[in-house]
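# A structural walkthrough
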Amino acid sequence: MKLTYVRWSMTIIETKGLTIVTDPVFRMLGVHQAPRSYTPERMPSPDLVFISHTHVDHFAPPVLRQLDPTTPVWMPADKVHKASRLGLLGLRGVREWESEELRGVQLTAVPAVHSGGELGLVVEGDRTVYFAGDTSLDRELFRTIGRRWKLDAVLLPIGDLHSTGMPFGQISPRKAPQALRLLGEPRIVVPTHYSGMTVGPFMYFRGTPRKLSEAIREAELSTILGTLRPLETVDF
């Protein structure tokens, strides 16, 4: 299995010949997001696109319009109408705990705790990985996922967004060890949601992979960091 962190919540999951792209966004409010070298032309042809929710930093209709119209695109069922006019023949609305096999890979949409009606995704291929999207720390949810699956890796948001000094309640590096314990201490964590979105001087992110690494070490967890910066890949 290969996991690549691109920017923000955009990741690439490759397993058993299947390529899944999550939350592909290249521009935010007209501004090309870092890393600028990663343009739509560099994105691999996906076998599945998973949209966690429809906030503008996760849902980009212009990107979806460029897909082969037969590409399967999954997104929350109650938000699927927002993509109904994009010409996506493979568009599908999915609900919490809905599961389906695609070319030998089991895919399960899981709940998330976020204001955008979000979902996460568990991918069971040659390894098992949990894409947590933009969820906040929810002990019962993470405990349930950790008990249901033996996770090899988690793509975990650690950006810790603040506005004028006030936190938004997102997972921070300080809270991440608790999340990882509840999830059963996966072998690998790939930090997400910390890089690639221009938010201006009044909104900023305190979470970084370095801070996450320090928090994991202090908590004496067995989990290791899979990537330290955008466009890195971990192969395991």
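The preceding data block contains the structure.
Residues numbered from 1 in each chain as written. Predicted model: local features only at pLDDT ≥ 70, side-chain atom pairs only at ≥ 80, totals over all residues. Heavy atoms only, no water.

## Topic: the overall build of the protein chain
Under the convention used in this document: Numbering of helices and strands starts at the N terminus; helices are DSSP runs of H or I of at least 4 residues and strands are runs of E of at least 2. Between the two quantities, the radius of gyration covers C-alpha atoms and the globule rule is 2.2 Å times the number of residues to the power 0.38. Here the open area of atoms and residues is found with the Shrake-Rupley method and a 1.4 Å probe, where only the protein chains shown may cover a residue. Note that His is not counted, nor are the chain ends; the positive residues are Lys and Arg, and the negative ones are Asp and Glu. Lysine's charge is taken at NZ, arginine's at CZ, aspartate's at CG and glutamate's at CD.
For the protein chain, the helix and strand inventory stands at four helices and 19 strands. Taking 18 Å as the expected radius of gyration for a compact globule of 236 residues, we find that the protein chain reaches 16 Å, a close match to that expectation. The C-alpha extent of the protein chain, read off along each of the three principal axes, is 50 × 40 × 30 Å. Surface exposure of the protein chain reaches about 10400 Å², of which carbon and sulfur atoms provide 49%. Each charge class in the protein chain can be summarised by its mean position, and for the 28 positive and 25 negative side chains these summaries are 4 Å apart.

## Brief notes about the environment of Y38
Short version of the rule: Only protein chains enter the accessibility calculation, which uses a 1.4 Å probe; a residue is then buried when its area is under 20% of its type maximum, exposed when over 50%, and partly exposed in between. As used in this structure description, the phrase polar contact means that two N or O atoms lie within 3.5 Å; if the pair is within protein, one of them must be able to donate a hydrogen and the other to accept it, and residues adjacent in sequence are counted only when both atoms belong to side chains.
With respect to the helices, strands and loops of the structure, Y38 is situated in the loop between β5 (31–32) and β6 (48–50). For Y38, a relative accessible area of 5% corresponds to the buried category. Separated by 66 residues in sequence, Y38 and G104 place their C-alpha atoms 29 Å apart. A distance of 3.5 Å separates the side chain of Y38 from the backbone oxygen of R42, its partner in a polar contact.

## With respect to the sheet that holds strand β2 (residues 10–15)
The line we're drawing: By definition, two strands form a pair when at least two bridges between them are found by DSSP. Between N-to-C directions, angles span 0 to 180 degrees; the directions come from axes that are lines fitted to C-alpha atoms, helices contributing only their stretch in contact.
In spatial order, the strands read β8-β7-β6-β3-β2-β1-β19; together these seven strands make up an open sheet with mixed pairing. Across the chains shown, the open sheet's two edge strands, defined by having one partner strand only, are β8 (91–94) and β19 (233–235). Across the sheet, the mean angle separating the axes of adjacent strands is 20 degrees when strand polarity is ignored. Note: strand β3 (residues 18–22) against β6, three bridges, orientation parallel. In the strand pairing of β6, I20 is matched with L48.

## Re helix α4 (residues 209–219)
This is how the line gets drawn: It is the directions from the helix axis to the C-beta atoms that the arc portrays. We call two residues in contact when some of their heavy atoms are within 4.5 Å.
For α4, the full list of buried residues reads P209, L212, A215, I216 and A219. Looking straight down α4, one finds its buried side chains confined to an arc of 120 degrees; they lie on one side. What points out from α4, more than 90 degrees from its buried face, is the exposed set R210, R217 and E218. Tucked inside the fold, the buried residues of α4 contact α3 (176–182), β16 (188–192) and β18 (224–225). E220 sits one or two positions beyond α4 and adopts a positive phi of about 55 degrees.

## Considering the nonpolar core
Going by this rule: Only buried residues count toward a nonpolar core. Its members are Ala, Val, Leu, Ile, Met, Phe, Trp, Tyr and Cys residues joined through side-chain atoms within 4.5 Å.
Residues L3, I13, L107, Y130, F142 and L156 are the most contacted members of the largest nonpolar core, which totals 50 residues. Setting aside anything within four residues of it in sequence, one finds F142 in contact with Y130, T135, S136, L137, L156, I171, A179, L182 and L183.

## Re the environment of T128
Of note, T128 is situated in strand β12 (residues 128–131). Measuring from C-alpha to C-alpha, the distance between T128 and D160 comes to 26 Å, with 32 residues separating the pair along the chain. Filtering out sequence-adjacent residues up to four positions away, T128 remains in contact with V122, V123, W149, K150, L151, D152 and A153.

## Overview of the packing of aromatic side chains
The cut-off we apply is this: Side-chain rings of Phe, Tyr and Trp (the six-membered ring for Trp) are treated as a pair once their centres are within 6.5 Å; stacked means planes under 30 degrees apart, edge-to-face means over 60, and tilted covers the remaining angles.
Overall, the coordinates contain five aromatic pairs when judged by the stated rule. Where F26 meets Y38, the ring centres are 6.1 Å apart and the plane angle is 5 degrees; that geometry is what we call stacked. Here the residue F26 occupies a position in the loop between β3 and β4 (27–28), and Y38 occupies one in the loop between β5 and β6, the gap between them amounting to twelve residues. Here F26 and Y38 have matching classes, each one buried.

## Some remarks on the pairing of strand β10 (residues 105–111)
For β10, the buried fraction is high: six of the seven residues fall into the buried class. Pairing between strand β9 (residues 99–102) and β10: four bridges, direction antiparallel. If you follow L102 over to β10, its bridge partner there is V105. Between β9 and β10, which follow one another and run antiparallel, lie two residues, and R103 among them has a positive phi close to 50 degrees.

## Thoughts on the pattern of salt bridges
Note the cut-off: The working definition used for a salt bridge is a side-chain nitrogen of Lys or Arg within 4 Å of a carboxyl oxygen of Asp or Glu.
Inspection of the entire model under this criterion finds five salt bridges. Put simply, R92 and E100 hold a salt bridge, and the shortest N to O gap is 2.1 Å. Between R143 and E140 there is a salt bridge, with the nearest N and O atoms lying 3.2 Å from each other. Of this pair, R143 and E140 both sit in helix α2 (residues 139–148), three residues apart, which is roughly one turn of the helix. Since its relative accessible area comes to 27%, R143 is described here as partly exposed. The class for E140 is partly exposed, based on a relative accessible area of 48%. Connected via shared salt-bridge partners are R92, E98 and E100.

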